[in-house]
Protein chains: 2
Amino acid sequence: MSTSDLFETLDPPQRLLMGPGPINAYPRVHQAISASLIGQYDPVMTGYMNQVQSLYRGVFETNNQQTLLVNGTARSGIEAVLVSVLQPGDKVLIPVIGRFGHLLCEIAKRVGAQVKTIDIEWGEVCSPEQVEKAIKAFQPKLFATVQGDTSTTMNQPLAEIGEICQRHGVLFYCDATASIAGNELKIDEWHLDAVSVGLQKCLGGPSGSAPITLSDRCAEVINRRKHIEAGIRAAHHVEGCDAMIQSNYFDLAMIMDYWGPERLNHHTESTSMLYAARECARLFLEEGVDKVIARHQQAGDAMASGLQAMGLTLFGNQQYKMNNVVGVYIPQGIDGDKVRQQLQQRFGIEIGTSFGPLHGKVWRIGTMGYNARQDCVLTTLVALESILLKYKVKVSSGQAVLAAMAHYRD
Amino acid sequence: MSTSDLFETLDPPQRLLMGPGPINAYPRVHQAISASLIGQYDPVMTGYMNQVQSLYRGVFETNNQQTLLVNGTARSGIEAVLVSVLQPGDKVLIPVIGRFGHLLCEIAKRVGAQVKTIDIEWGEVCSPEQVEKAIKAFQPKLFATVQGDTSTTMNQPLAEIGEICQRHGVLFYCDATASIAGNELKIDEWHLDAVSVGLQKCLGGPSGSAPITLSDRCAEVINRRKHIEAGIRAAHHVEGCDAMIQSNYFDLAMIMDYWGPERLNHHTESTSMLYAARECARLFLEEGVDKVIARHQQAGDAMASGLQAMGLTLFGNQQYKMNNVVGVYIPQGIDGDKVRQQLQQRFGIEIGTSFGPLHGKVWRIGTMGYNARQDCVLTTLVALESILLKYKVKVSSGQAVLAAMAHYRD
């Protein structure tokens, strides 16, 4: 292979990532991820693993012993929970408020579960009454939902659902990838049994690590399916009594033994991503859960006000909007992708397109993690306004930034 | 949460990792992994993805179009291939030459395949005659093997097996995680249909990314199972005719569409790990495949000679030893873990323990990637000799380093 085929030294351009994620990571996360590697059973490494468990108990506001990282992107955490909890034939109830509800259904079907959906119009959320009615009729083993579905920017209320699930003996799982750290999520108080997330939204890290937490009763359900690999199994090992989990990589029973005092070898922990995950949690907890969420709410409100002041229309039921992302209708007669391209080429700013029914109709603009800041909000608004003016869209010039600034003290 | 619960700033100790992996990453990989993030559909990002495909075609010495990264540790690549190729009931033949042969069986069983093994004594390898005889008798869809099995340090010869598989219409998969870049692997010349690896051995990167490559005929088998997610499916989509792949995360048909010109959204690519994988490949190709392998052979030979000159006995059939790791019997009456602990505490050097039948009997010492260097070999030998002398093991003092130095020019 000639040297010309080796491509240039890595040097990605500076971008301000104001889409629905991934977003720019905190500078300290970039420092942490580049730290030296150590062996996987080095006491320093197992010490870091224990710290990560403790830190994510803080992030998740939970006392769950089983709080750990799955080594993959956010959807690896979803699949790990679903394949470990659901046996073929098990019933799962899923509200579909957007694309990521479809994803939960898709994964659950592939693991052989019977899936029942509660279909919600995009831009709305599911009520506790709808959930209870469907639970009574379907009697699922698991209720699985997305909290913040970035495809619609809606934030599914969860506070009342856990109690309903408990009353009917149903396990309660939530994918909070897009909402964690930007919106309230009280795992123990709301009786959630399993939650999985990713780093690349409001936690301000790179994609590629999936923190999860499991209640004791959920861990018990999973451990009844425990099976230890032949290559490392001790003679006295007793197999679990339920059907073997149909994935090795996502077998949370084995992953719990890798993170637990047993330290049974499973995968080789992705050390660099663990360093990143650790730093994301430290940043979150240093700032404090309430302050982080308030900062996201302030930035999200400022962005939404700015867009409206410009004369644009927001998408979806604003009562349930996530703090960290807003959907906005593309003005009539404008090519949404062309505007996005101009924003990137001229300002280095990225905003998001949409999937499915909203494709070509709605932009999605995020204010997440490191970018949930006044300067990011204002810069994005002035840049968008300039490009819209270039395309002769009638916008109330200068009003967006004034409206956004009003959300911040002088 | 109080500040005392946030733990200290990440600052892992300096270690010389001379075990069976993970090992120290190349400094340039640490630089690359900390680069700024960009959006997943940024033309620069999709450009990097294309570059990574091209670079790994170079690493794998293949023309396979389908060459890409699975977002997870090495075993995620194994599971992605097995779950995508094998339908429930399909037959797979697997030689078990060590722990990682067991792992292939385990994963294949979980995806519902019928598994037949060729059981080989630890320290030996499987002959082409054994493979052909078993293929004739069992008539599998897939022959799956590990190339270098670090649990025994043996390197399974593959050169003659591909032709046998082709003759019998059998697909040929190899997990080359531990052998790639340290030992010859000619994917196209040897007619391999699927190969998966990791970064954390001779490629000199962190664990957490799994490069894989698929022949056209293997990609075709997988694409017959293609299924597109409801959330992003176009109206004209035609479903594949074979059984749906039972994992979403590891559905290589979908992952190929994410890496291909379709750019259909699947996971959010782990950008930082992609940066690391890109730099590992650039380092490998800059040095050149023959030189990298020769460097591993030289370091491995030097280490083996040194250990023998010290008076220790090597494990396994040396004719088939991997270049990049050696097994050595722990001297009689010595606590192997105590010696490893002393090496780490006094010298900051890590060597490996063993699994299963070799546990407590054999140490495994690696010379991989950035650490396949004379100074690493010599330092490890003098350190090990010092600790053995401390424990009053009769070693031929000073001979190890002389024997190892003889493998390098003055």
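No experiment lies behind these values; they were computed from the predicted model shown.

Calculation criteria
- Residues numbered from 1 in each chain as written.
- Chains lettered and ligands numbered in written order.
- Predicted model: local features only at pLDDT ≥ 70, side-chain atom pairs only at ≥ 80, totals over all residues.
- Heavy atoms only, no water.
- UniProt positions renumbered as here; feature names shortened; annotations may be inferred.
- Helix = DSSP H or I, 4+ residues; strand = E, 2+ residues; numbered from the N terminus.
- Polar contact = N/O pair within 3.5 Å; in protein donor to acceptor, adjacent residues only side chain to side chain.
- Pairing = 2+ DSSP bridges.
- Axes fitted to C-alpha atoms, helices over the stretch in contact; angles between N-to-C directions.
- Contact = heavy atoms within 4.5 Å.
- Buried area = accessible area lost by both parts, 1.4 Å probe.
- Salt bridge = Lys/Arg side-chain N within 4 Å of Asp/Glu carboxyl O.
- Nonpolar A, V, L, I, M, F, W, Y, C, P; charged D, E, K, R; others polar.
- Parallel < 35°, antiparallel > 145°, perpendicular 65-115°, else oblique.
- Left-handed = near helix turned anticlockwise from the far one by under 90°.
- Least-squares fit on C-alpha atoms with pLDDT ≥ 70 in both.
- Phe/Tyr/Trp six-rings, centres within 6.5 Å; stacked < 30°, edge-to-face > 60°.
- Buried < 20%, exposed > 50% of the residue type's maximum accessible area, 1.4 Å probe, protein only.
- Lys NZ or Arg CZ within 6 Å of the ring centre and 35° of its normal.
- pLDDT = per-residue confidence, 0-100.
- Domains from an automatic or database assignment.
- Core = buried A, V, L, I, M, F, W, Y, C linked by side-chain atoms within 4.5 Å.
- Expected span 1.5 Å × (residues − 1).

**So, the UniProt feature "binding site: substrate" (unreviewed entry) in chain A**
Residues and elements named next belong to chain A. Those residues carrying the UniProt feature "binding site: substrate" (unreviewed entry) are Arg364 in this numbering. With respect to the element layout, Arg364 can be found in strand 13 (residues 362-366). Within polar-contact distance, the side chain of Arg364 engages the backbone oxygen of Thr150 at 2.8 Å.

**Things to note about the sheet that holds strand 5 (residues 142-146) of chain B**
All names here are of chain B. The strand order across the open sheet built from seven strands is 2-10-9-8-5-3-4, with neighbouring strands paired in mixed fashion. Looking at strand neighbours, the two that pair on one side only are strand 2 (66-70) and strand 4 (114-119), the edges of this open sheet. Across the sheet, the mean angle from the axis of one strand to that of its neighbour is 20°, orientation sign disregarded. With three bridges connecting them, strand 8 (residues 171-175) and strand 9 (residues 194-196) associate as parallel partners. Counterpart to Cys174 in the pairing with strand 9 is Val195. Set on the sheet, helix 4 (residues 99-110) makes contact with strand 3 (91-96), strand 4, strand 5 and strand 8; between it and strand 3 the angle comes to about 160°.

**Considering the interface of chain B and chain A**
In this assembly, 85 residues from chain B lie in contact with 85 residues from chain A. Its largest share of buried area at the contact with chain A, chain B owes to Leu10, Leu37 and Arg110 of chain B, together 12% of the area lost on that side. Counting every contact that joins chain B to chain A gives four salt bridges. Residues Asp42 of chain A and Arg15 of chain B are paired through a salt bridge, measuring 2.5 Å at the closest nitrogen-oxygen approach. Counting the contacts that link chain B with chain A gives 41 residue pairs in polar contact (both at pLDDT 80 or more). No other element matches helix 9 (residues 271-287) of chain B, which puts eight residues into the side of chain B that touches chain A. For the side of chain B that touches chain A, the residue count by class is 34 nonpolar, 34 polar and 17 charged.

**Here's the deal with the packing of helix 2 (residues 43-59) of chain B against helix 9 of chain B**
Residue and element names in this part refer to chain B. Orientation of helix 2 relative to helix 9, taken along the N-to-C sense of each, is 40°, at an axis distance of 9 Å. By the angle between their directions, the pair helix 2 and helix 9 is classed as oblique. Once helix 2 is placed against helix 9, the crossing between them reads as left-handed. For the pair helix 2 and helix 9, the contacting residues are Met45, Tyr48, Met49, Gln51, Val52, Leu55, Tyr56, Gly58 and Val59 in the first and Thr271, Leu274, Tyr275, Ala277, Arg278, Cys280, Ala281, Arg282, Phe284 and Leu285 in the second.

**Structural notes on the relation of the copies chain B and chain A**
Between the two copies of this chain, the relationship is a rotation about some axis together with a displacement along it. Of the transformation superimposing chain B on chain A, the axial component is 0.0 Å and the angular component is 180°, with the fit at an RMSD of 0.0 Å. Accordingly, the operation relating the two chain copies is best matched by a two-fold axis. In terms of C-alpha distance to the rotation axis, chain B has Gly72 of chain B as its closest residue, with the C-alpha 2.4 Å off the axis. A share of 100% of the interface residues of chain B reappears at the interface of chain A, consistent with the copies meeting face to face through the same patch.

**Focus: the packing of aromatic side chains**
Here a ring pair, both rings aromatic, is described through the centre-centre distance and the interplanar angle of the planes. One pass over the structure, following the stated rule, counts 15 aromatic pairs over all chains. Judged by centre distance (5.7 Å) and plane angle (50°), the ring pair of Phe143 of chain A and Phe172 of chain A falls under tilted. On the criterion of sequence distance, the pair formed by Phe143 of chain A in strand 5 (residues 142-146) and Phe172 of chain A in strand 8 (residues 171-175) is long-range, its members being 29 residues apart. The same class applies to Phe143 of chain A and to Phe172 of chain A, which are both buried. Each ring, one from Tyr249 of chain A and one from Phe250 of chain A, has its centre 5.3 Å from the other, and the planes form 75°; the classification is edge-to-face. Among the aromatic residues, those joined into a cluster by ring pairs are Tyr249 and Phe250 of chain A together with Tyr249 and Phe250 of chain B. Just above the ring of Phe138 of chain A sits the side chain of Lys91 of chain A; from NZ or CZ to the centre is 5.0 Å. Directly above the ring of Tyr391 of chain A sits Lys390 of chain A, whose terminal nitrogen or CZ lies 4.7 Å from the centroid.

**A word on the sheet that holds strand 2 (residues 66-70) of chain A**
Strand-to-strand pairing in sheets goes through backbone hydrogen bonds, with the strands running parallel or antiparallel. All names here are of chain A. Strands sit in the order 2-10-9-8-5-3-4 across an open sheet of seven strands; the sheet is mixed. Across the chains shown, the open sheet's two edge strands, defined by having one partner strand only, are strand 2 and strand 4 (114-119). On average, each strand axis in the sheet is tilted by 20° relative to the strand beside it, whichever way the strands run. Those strands touched by helix 4 (residues 99-110) are strand 3 (91-96), strand 4, strand 5 and strand 8, and its axis lies near 160° from that of strand 3. Where helix 7 (residues 216-223) meets the sheet, its contacts fall on strand 2, strand 8, strand 9 (194-196) and strand 10 (210-214), and the angle it forms with strand 10 comes to roughly 100°.

**Some details on the confidence of the model for chain A**
Segments scoring low in pLDDT should not have their predicted coordinates read at a detailed level. Looking at chain A, the pLDDT average stands at 96 and 96% of residues meet or exceed 70. Interface confidence for the predicted complex, given as ipTM, is 0.97, next to a pTM of 0.97.

**Observations regarding the environment of Leu283 of chain A**
Mapped onto the secondary structure, Leu283 of chain A falls in helix 9 (residues 271-287). Between the C-alpha atom of Leu283 of chain A and that of Ile135 of chain A, which follows or precedes it by 148 residues, the distance is 39 Å.

**Examining the domain arrangement of chain A**
All names here are of chain A. The domains assigned to chain A are domain 1 (35-285) and domain 2 (289-405). Look at where the C-alpha atoms of domain 1 and domain 2 centre, and you get two points 31 Å apart. Between domain 1 and domain 2, the contact holds 24 residues from the first and 21 residues from the second. Buried area between domain 1 and domain 2, both sides added, is near 2000 Å², and the carbon and sulfur share of it is 67%. Counting the surface domain 1 buries against domain 2, the share from its top three residues, Trp122, Thr153 and Phe284, is 27%. Between the two partners, domain 1 and domain 2, sit zero salt bridges. Elements with a contribution of two residues or more to the side of domain 1 that touches domain 2: strand 6 (148-149) and strand 7 (154-155). Looking at the side of domain 1 that touches domain 2 residue by residue, the class counts come to eight nonpolar, ten polar and six charged.

**Examining the nonpolar core**
Core analysis: the biggest nonpolar cluster contains 218 residues, and Tyr56 and Leu203 of chain A together with Tyr56 and Leu203 of chain B have the highest contact counts within it. Contact partners of Tyr56 of chain A, with chain neighbours within four places excluded, come to Thr67, Leu69, Leu199, Leu203, Pro211, Ala277, Cys280 and Ala281 of chain A.

**Remarks on helix 12 (residues 374-390) of chain A**
All names here are of chain A. End to end, helix 12 covers 24 Å across 17 residues, agreeing with the expected 24 Å (1.5 Å per residue, within 8%). Taken together, the buried positions of helix 12 are occupied by Cys376, Val377, Leu378, Thr380, Leu381, Ala383, Leu384, Glu385, Ile387 and Leu388. Where the residues of helix 12 are buried, they touch strand 1 (16-17), helix 10 (289-309), helix 11 (336-347), strand 12 (349-350), strand 13 and helix 13 (399-405). In the stretch just after helix 12, Lys392 is the one whose phi turns positive, near 65°.

**Comments concerning unusual backbone geometry**
Residue Pro22 of chain A is bonded to the preceding Gly21 of chain A through a cis peptide linkage, with omega at 0°. Following the sequence through the fold, Pro22 of chain A ends up in the loop between strand 1 and helix 1 (27-33). Here the phi dihedral of Gln139 of chain A falls at roughly 50°; this positive angle occurs in a residue that is not glycine. The residue Gln139 of chain A is located in the loop between helix 5 (128-138) and strand 5 in this model. For Glu61 of chain B, which is not glycine, the phi torsion reads 50° and is therefore positive.

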